[in-house]
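# A look at the structure
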Amino acid sequence: MTGTRPDTPRIRVLIADDQPLVRRGLSLILSPDPSFEVVGEAEDGAQAVALARRLRPDVVVMDIRMPVLDGVGATGELAATLPGCRVLALSTFDMDEYVVGALRAGACGFLPKDSSPEDLSAAIRTVHAGEAVVAPRLLTRLISTYVRTLHGAPQPLPTDLGELTPREVEVWHLMATGLDNAEIARDLHLSVSTVKNYITSIFGKLDVRDRAQAVIAAYESGLVTARAATGNPRGDANSA
């Protein structure tokens, strides 16, 4: 358990899951940690949205498959109406097609439900800090499996892709093939801080919130394909 200074604000967490035992289990994991405050529990997506609007949590731990309104729909509503509220999506399976939908809708991360309590706590802290929590290679496997099957042929590259510099396209491409910032920096002989600056610029030009959505955009546009994730990471880049 990670301690916090007495004057450090606790992270306010709302738990949304249709199974009472899961909700209670998540609450029992988080409540003893002084860095978290579980402010409420919701049994479906519609209730999660209503409670989030009333309670203003910092993070919603959101099950993907729920009645009335599923986690994808609830995430989309929260992203549109409470942009300061971060969503951490949960699913029974780490290769669930709904996960891609949740990330596209605005979720800041994804964890399988069998993750350890330590991983859950760390993930909540990560998304609360404004970063994506999906491991790059897990994200790559997810998207390479489902983006094509869900949406068919790749969409044309955005018409405003010309706003990206050649170096930004290269960084975007390497990000989509599963490299983290340090690996991108090594590959391109740049500093990590420079890579971070490029990524911030890429997010702005693509109008995406985080790394997860940027990787999804790369697959949907055809900038990178499933083969690039498992083979030569540069071999499938389209010219821009």
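Residues numbered from 1 in each chain as written. Predicted model: local features only at pLDDT ≥ 70, side-chain atom pairs only at ≥ 80, totals over all residues. Heavy atoms only, no water.

Once that is clear, we can look at the packing of helix α2 (residues 45-55) against helix α3 (residues 71-81). Any two packed helices are characterised by the angle at which their axes cross and by the distance between the axes. Running from N to C, α2 and α3 cross one another at 20 degrees; their axes reach a closest spacing of 9 Å. Here α2 lies roughly parallel to α3, going by the angle between them. As for how α2 packs across α3, the hand of that crossing is right-handed. On α3, the residues touching Gly45, Val49, Ala52 and Arg53 of α2 are Ala74, Glu77, Leu78 and Thr81. (Axes fitted to C-alpha atoms, helices over the stretch in contact; angles between N-to-C directions. Helix = DSSP H or I, 4+ residues; strand = E, 2+ residues; numbered from the N terminus. Parallel < 35°, antiparallel > 145°, perpendicular 65-115°, else oblique. Left-handed = near helix turned anticlockwise from the far one by under 90°. Contact = heavy atoms within 4.5 Å.)

On to the packing of helix α7 (residues 166-176) against helix α10 (residues 211-221), then. Closest axis-to-axis distance for the α7/α10 pair is 9 Å, and the angle between their directions is 100 degrees. Considering the angle they form, α7 stands roughly perpendicular to α10. Every residue of α10 that contacts α7 at Trp172, Met175 and Ala176 is listed here: Arg211, Ala214, Val215, Ala217, Ala218, Tyr219 and Ser221. Within the contact of α7 with α10, the residues separate by chemical class into 8 nonpolar, 1 polar and 1 charged. (Nonpolar A, V, L, I, M, F, W, Y, C, P; charged D, E, K, R; others polar.)

Counting buried positions over the 6 residues of strand β4 (residues 86-91) gives 6, a clear majority of the element. Relative to β4, strand β3 (residues 59-63) is paired through 5 bridges, and the arrangement is parallel. Its bridge partner lying in β4, aspartate 63 is registered against leucine 90. Handedness of the crossover is the feature at issue here: the chain leaves β3, passes through α3, returns alongside β4, and the resulting connection is right-handed. Pairing of β4 with strand β5 (residues 109-112), which is carried by 4 bridges, proceeds in the parallel orientation. Paired with leucine 88 across the strands is glycine 109, a residue of β5. (Buried < 20%, exposed > 50% of the residue type's maximum accessible area, 1.4 Å probe, protein only. Pairing = 2+ DSSP bridges. Right-handed = clockwise from strand over helix to strand, strands pointing away.)

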